[in-house]
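Close look at the chain arrangement
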Amino acid sequence: MRLLPIFVVLLASAASAADGSSATTTTLYKSIGPDGRTIYSDVPPPQARESKTLTFKNLPASPLSTETLAYIEQLRKSADIRASAPPPRDTVLFSAKWCGFCRQAKAYLATKGIGYREVDIDTTEGKLAYAQLGGNSGVPQLFVNGRGITGFSAPAYDAFLQPRK
């Protein structure tokens, strides 16, 4: 069992919580399948030899400006948001050019060979899409098949993306 990545995520979570960031929680379940392979999932395992729950809170993220958050909230209350489409079935990364964590997330996805559609949160269309998907108060925000995670850390992305394989 590799405790170092889990420790790094917990340490990052504590640091982010200390800076007053809004709470973002992702619960992942780690289990051992019948073939002895480790499985990560956002659904509790029905039949597994052993199971462990991993909860990632407050991954490092860049907060959105007060003006952007107010505009997104206004969009959520408007008629445009009520007619929103279902969550995308592809991989979508909400990011901003000024966000260092976004650059790290994009580099991670490139290294892993994971294709994604990037949406710039600083555009009107990006803010609308962010509001429709229920985006939080920071970027990067990665959505895969309708599930989302805010912020970036390599161990959290490893666990979040594991079910895709």
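These remarks concern the structure in this document. The model shown is predicted, which means the values in this text are computed figures rather than measured ones.

Across four bridges, strand E8 (residues 141–144) lies against strand E9 (residues 147–150) in antiparallel orientation. In the sheet register, leucine 142 faces E9, and the bridge partner there is isoleucine 149. The antiparallel pairing of E8 with E9 creates a hairpin that spans two residues between the two strands, and asparagine 145 there sits at a positive phi of about 50°.

Moving on, we get to the sheet that holds strand E6 (residues 117–120). Across the sheet, four strands lie side by side as E6-E5-E8-E9; this open sheet has mixed pairing. Since the sheet does not close on itself, it has two edges, and those belong to E6 and E9, each with one partner. When strand polarity is set aside, the average angle formed by the axes of neighbouring strands in this sheet is 20°. Note that strand E5 (residues 91–95) and E6 share four bridges and pair parallel. Bridge pairing in E6 links valine 92 to arginine 117. Sitting on the sheet, helix H4 (residues 100–111) touches E5, E6 and E8, and the angle it makes with E5 is about 155°.

So, on to helix H6 (residues 154–161). Since one α-helical turn is 3.6 residues long, residues separated by three or four positions face the same way. The buried fraction of H6 is high, at six of eight residues. Regarding H6, the residues found buried are Pro155, Ala156, Tyr157, Ala159, Phe160 and Leu161.

The rules behind each value
- Residues numbered from 1 in each chain as written.
- Predicted model: local features only at pLDDT ≥ 70, side-chain atom pairs only at ≥ 80, totals over all residues.
- Heavy atoms only, no water.
- Pairing = 2+ DSSP bridges.
- Helix = DSSP H or I, 4+ residues; strand = E, 2+ residues; numbered from the N terminus.
- Axes fitted to C-alpha atoms, helices over the stretch in contact; angles between N-to-C directions.
- Contact = heavy atoms within 4.5 Å.
- Buried < 20%, exposed > 50% of the residue type's maximum accessible area, 1.4 Å probe, protein only.

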